[in-house]
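# Structural overview
Residues per chain, in single letters:
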Amino acid sequence: KGMTPPQRIPFPLEEICMDWQQRQRPGAGLLNLGSTCYINVILQCLTYTPPLANYLLSREHRRLCCQQGFCMMCIMEAHVRKVLRSSTSAIWPRAVIRNLKFIGEEFEPDMAGDAFEFLCCSLKAMQKACLSGSSNLDISSQTATIVHQIFGGFLKSRVTCLRCQAVSDSYKAFLNVPLDIKEASSIIAALENFVTPKQLDGQKCFKCGKCEKKITISKRIAVHHVPKVFTMCLERAAGHTGKKISRIVEYPKYLDLQPYMSDIPGELLLYSLYAVVVHSGDTCLDGHFFCYTKASNGLWYKMDDESVDNCGIHAVLRQQAYLLFYAR
């Protein structure tokens, strides 16, 4: 509603299966090359994203892929199969490390990196692979790939002129939502702050098309279209100093997105937690990443590079979370 529908849908939404099609014990851990823990946690979280894993295990992309050279979807397809079907306790994510410069120019195998940046670059590379061979697609059609059908949603930004009450709406696709946690004790509080209207004065150069003057406006951002998988980044960097917001921010096992929608639906929009990325360290510039994921057997595991250890949900919910993954 309010947006231009896609002219073509590269991947039909009804073909996405949210439940694991194969149930088994967790797969292999991932060996660390020295500074690659930020890569390992994202690879594990993507591997245990049920709709993505189902698609990659079907090998559908490889059958249709005509891309020459680097293809992130082909790499992820091979990686997920190798992890979930390995007979060893840990493997090297060689193909990913070997092609790191194609995923993001800022990444180096022997240098530490940020897990959220690697997630963003990985999804962007996967999206590019999905669009390979599809020319002249409109913007709406580009958001109908398997990547956007799983991780993508739309935000609605409503600007209201506080002088004449004129309203202007705009829409933006997203694959994840960054949350300000400076004054939030829980992600519920952070989400409430995210959708709370903000007043911006005319000094910010906002010009009302009706008044034709720089005026004070009210701006509200809310979720307009929900994704199948809702990913949040808890912004732990305190400014540009590298200092870290280290306190625990509470997050639930189940999350209802209904209160954060631009138009309140009549039904619950219930999501279930399935992966958590944790950063340990005194500052954002150093430290270590590990994660917790829910495997296809329904059990939770702490995945710390090559180590994969069973754990309970209570341990999962007590972490200093950096990234949270919820599946509808």
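Cut-off values and rules
- Residues numbered from 1 in each chain as written.
- Predicted model: local features only at pLDDT ≥ 70, side-chain atom pairs only at ≥ 80, totals over all residues.
- Heavy atoms only, no water.
- Pairing = 2+ DSSP bridges.
- Helix = DSSP H or I, 4+ residues; strand = E, 2+ residues; numbered from the N terminus.
- Axes fitted to C-alpha atoms, helices over the stretch in contact; angles between N-to-C directions.
- Contact = heavy atoms within 4.5 Å.
- Buried < 20%, exposed > 50% of the residue type's maximum accessible area, 1.4 Å probe, protein only.
- 1 Å grid on protein atoms, 1.4 Å probe; cavity = no way out; pocket = protein on both sides within 12 Å on 5 of 7 lines; lining within 4 Å.
- Points joined across faces, edges and corners; volume = space filled by probe spheres on them.
- Nonpolar A, V, L, I, M, F, W, Y, C, P; charged D, E, K, R; others polar.
- Salt bridge = Lys/Arg side-chain N within 4 Å of Asp/Glu carboxyl O.
- pLDDT = per-residue confidence, 0-100.
- Disulfide = S-S within 2.5 Å.

A sheet is described by the order of its strands in space; here four strands give the open sequence β4-β3-β7-β6, paired in antiparallel fashion. Where the open sheet ends on each side, the last strands, each with one partner, are β4 (167–174) and β6 (198–200). Each adjacent strand pair in this sheet contributes to an overall mean axis angle of 30°, direction not counted. The pairing of strand β3 (residues 153–161) with strand β7 (residues 217–225) spans eight bridges and is classified as antiparallel. Considered in β7, the bridge of C161 is made with I217. Of the strands in this sheet, β3, β6 and β7 touch helix α10 (residues 187–195), which is tilted by about 120° from β7.

This brings us to unusual backbone geometry. Its identity as a non-glycine residue notwithstanding, R59 has a phi of 60°, on the positive side. Inspection of the secondary structure assignment puts R59 in the loop between α2 (50–57) and α3 (60–64). By relative accessible area, which is 41% here, R59 ends up partly exposed. Its identity as a non-glycine residue notwithstanding, D305 has a phi of 55°, on the positive side. Take D305: it is sitting in the loop between β12 (300–304) and β13 (307–311). Take D305: its relative accessible area is 11%, and that puts it in the buried class.

Following the criterion strictly, the structure yields one cavity of 30 Å³ or more and no others. Reported here for the largest cavity is a volume of approximately 40 Å³. Lining the largest cavity are L30, C37, N40, V41, Q44, F289, C291, M303 and D305. Looking at the lining of the largest cavity, the elements with two or more residues in it are α1 (37–47) and β11 (288–294). Here the lining of the largest cavity takes four residues from α1, the largest share from any one element. Its residues assigned to classes, the lining of the largest cavity comprises six nonpolar, two polar and one charged.

For the structure on display, the rule yields four salt bridges. Here K156 ties to D169 by a salt bridge, and the two come within 3.7 Å at their closest N and O atoms. Remark: D169 occurs in strand β4 and K156 occurs in strand β3; sequence separation between them is 13 residues. The exposure class of K156 is buried, given its relative accessible area of 9%.

With respect to burial, α2 is a largely interior element, eight of its eight residues being buried. Three or more residues of α2 are buried, namely P50, P51, L52, A53, N54, Y55, L56 and L57. Downstream of α2 by one or two residues, R59 has phi in the positive range, about 60°.

Glancing now at the pairing of strand β8 (residues 229–235). Burial analysis of β8 places six of its seven residues in the buried class, which makes it a mostly covered element. Bridging between strand β5 (residues 177–180) and β8 involves four bridges; their strand directions are parallel. Among the inter-strand pairings, D180 is bridged to a residue of β8, identified as E235. Sheet topology note: the β8/strand β14 (residues 321–327) ladder contains five bridges and is antiparallel.

Per-residue confidence for the chain averages 88 on the pLDDT scale, and 91% of its residues sit at or above 70. Here helix α8 (residues 139–142) stands out as the element of the chain with the lowest mean pLDDT, 64, in contrast to β12, whose mean of 98 is the highest.

In this section: the state of the cysteines. Across all of its chains, the model carries zero disulfides by this definition. Its sulfur unpaired, C37 is 10 Å from the next cysteine sulfur, which belongs to C291. With no disulfide of its own, C311 lies 10 Å from the sulfur of C291, the closest cysteine sulfur. What makes C311 buried here is its relative accessible area of 17%.

In this section: the environment of K253. On the secondary structure map, K253 appears in the loop between β8 and β9 (254–256). By relative accessible area, K253 is classed as partly exposed at 31%. Separated by 20 residues in sequence, K253 and L273 place their C-alpha atoms 5.2 Å apart. Once residues lying within four places of it in the same chain are set aside, the contact partners of K253 are Y271, S272, L273, I313, L317 and Y326.

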